[in-house]
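Letter by letter, the chains look like this.
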Amino acid sequence: AQTVTQSQPEMSVQEAETVTLSCTYDTSESDYYLFWYKQPPSRQMILVIRQEAYKQQNATENRFSVNFQKAAKSFSLKISDSQLGDAAMYFCAYRSAEGNRDDKIIFGKGTRLHILP
Amino acid sequence: NAGVTQTPKFQVLKTGQSMTLQCAQDMNHNSMYWYRQDPGMGLRLIYYSASEGTTDKGEVPNGYNVSRLNKREFSLRLESAAPSQTSVYFCASRERFTYGYTFGSGTRLTVV
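On a predicted model such as this, the values are computed, not experimentally measured, just so you know.

Criteria and thresholds
Each chain has its residues counted from 1, running along the sequence as written. Think of it this way: whatever chain is written first is A, whatever ligand is written first is 1, and the rest follow in order. Whole-chain, interface and lining totals are the exception, using all residues; otherwise, since this is a predicted model, local features are given only for residues with pLDDT of at least 70 and side-chain atom pairs are given and counted only at 80 or more. Water and hydrogen atoms were dropped before computing side-chain values, which therefore reflect all heavy atoms in the structure. Note on contacts: a residue pair is in contact if any heavy atoms of the two residues lie within 4.5 Å. Buried area: the sum, over both parts, of the accessible surface (1.4 Å probe) that disappears when the two are put together. Each salt bridge in this description consists of a side-chain nitrogen of Lys or Arg and a carboxyl oxygen of Asp or Glu lying within 4 Å of one another. Under the rule applied, a polar contact is a pair of N or O atoms within 3.5 Å (in protein, one hydrogen donor and one hydrogen acceptor; residues adjacent in sequence only if both atoms are side-chain atoms). Strands here are runs of E lasting at least two residues and helices are runs of H or I lasting at least four, both read from the DSSP assignment and numbered beginning at the N terminus. For this scheme, ten residues count as nonpolar: Ala, Val, Leu, Ile, Met, Phe, Trp, Tyr, Cys and Pro. Four count as charged, namely Asp, Glu, Lys and Arg, and the remainder, Gly too, count as polar. When two cysteine sulfur atoms lie within 2.5 Å, the pair is treated as a disulfide. The buried label goes to any residue with under 20% of its type's maximum accessible area, the exposed label to any with over 50%, and the partly exposed label to all in between, with areas taken from a 1.4 Å probe on protein chains only. Two strands pair if DSSP finds at least two bridges between them.

Student: Even after reading the chapter, I still don't get the interface of chain A and chain B, so can you show me in this structure?
Tutor: Quite often, the size of an interface is put as the accessible area lost when its parts meet. Taken together, the 21 residues of chain A in the interface contact 28 residues of chain B. Taken over both partners, the interface formed by chain A and chain B buries close to 2,000 Å², and the fraction arising from carbon and sulfur atoms is 51%. Where chain A meets chain B, there are zero salt bridges. Connecting chain A to chain B are seven residue pairs in polar contact (both at pLDDT 80 or more). Of all the elements in the fold, those that place two or more residues in the side of chain A that touches chain B are strand E5 (32-39), strand E6 (46-52), strand E10 (88-96) and strand E11 (105-107) of chain A. Among the elements that take part in the side of chain A that touches chain B, E5 of chain A stands out by supplying four residues, more than any other. A breakdown of the residues in the side of chain A that touches chain B according to their chemical character gives seven nonpolar, four polar and ten charged.

Student: Explain the state of the cysteines to me, please; I cannot follow it from the model alone.
Tutor: Two cysteines joined by a covalent bond between their sulfur atoms form a disulfide. This model, assessed by the stated rule, comprises two disulfides over all chains. Disulfide pairing is shown between Cys-23 of chain A and Cys-92 of chain A; the S-S distance is 2.0 Å. Note on the Cys-23 of chain A and Cys-92 of chain A pair: the S-S dihedral is about -70 degrees, so by sign convention the disulfide is left-handed. Of this pair, Cys-23 of chain A sits in the loop between strand E3 (19-21) and strand E4 (24-26) while Cys-92 of chain A is found in strand E10, placing the two residues 69 residues apart along the sequence. With relative accessibility at 1%, the residue Cys-23 of chain A sits in the buried group. The disulfide partner of Cys-23 of chain B is Cys-91 of chain B, and the S-S distance across this bridge is 1.9 Å. Here Cys-23 of chain B and Cys-91 of chain B share a disulfide; its torsion about the S-S bond, -75 degrees, makes the bridge left-handed.

Student: Hey, could you run me through the pairing of strand E7 (residues 64-68) of chain B in this one?
Tutor: A regular strand places its side chains so that they alternate between the two faces of the sheet. Residue and element names in this part refer to chain B. Residues Tyr-64, Val-66 and Arg-68 of E7 are buried on one face, while the alternating residues Asn-65 and Ser-67, pointing to the opposite face, are not. The pairing of E7 with strand E8 (residues 74-78) spans five bridges and is antiparallel. Bridge pairing in E8 places Asn-65 opposite Arg-77. Linking E7 back to E8 in an antiparallel pair, the connection comprises five residues.

In short, geometric facts, not functional conclusions.
As structure tokens, this is what we get:
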């Protein structure tokens, strides 16, 4: 069974600085997707970024980028120029590729990010 | 607005009471999911339905039942609520060959 581990329950970063959230996962599959979701105090789950395992290039979305290391099964999220609105719980998540029987998303336990003004 | 609608948003139950959490999506998605979120535990899958007419257990199904009433609706029932079921419940849906989920806004359930 696949697992997702986020080893940092909480982190803090100064506004305008850069922060990296860590995530490791375990799987025997070769084709899958990885995600970072953001959950602000509103409770809404917001997709921040995704990465397809077959792509070597790291995904980027504006100030958010990932460092995907497939062999190491590592998927970290870098937030550049941190803003107060980035304060939230961040979840790393895994999903098997299409065609696999189980298409459900598996979430890590989350990292709460605080932005210091 | 298109999306996933959950009702109710908040609920307080007494131990032993029953209730059904409703979820509906208007995006014609095939797959629907129920998760619970507890502090320090992330989101854990309760049940999911890969298509209309099918349901499967997730990681934490005990104490829950589900019904995929039609393609739009996927309900979660607590037959005899227990304090351990105090949680925030999320419904989500996904279309095949797309990447992530669309989430509802969640239901905060307290069992006293």
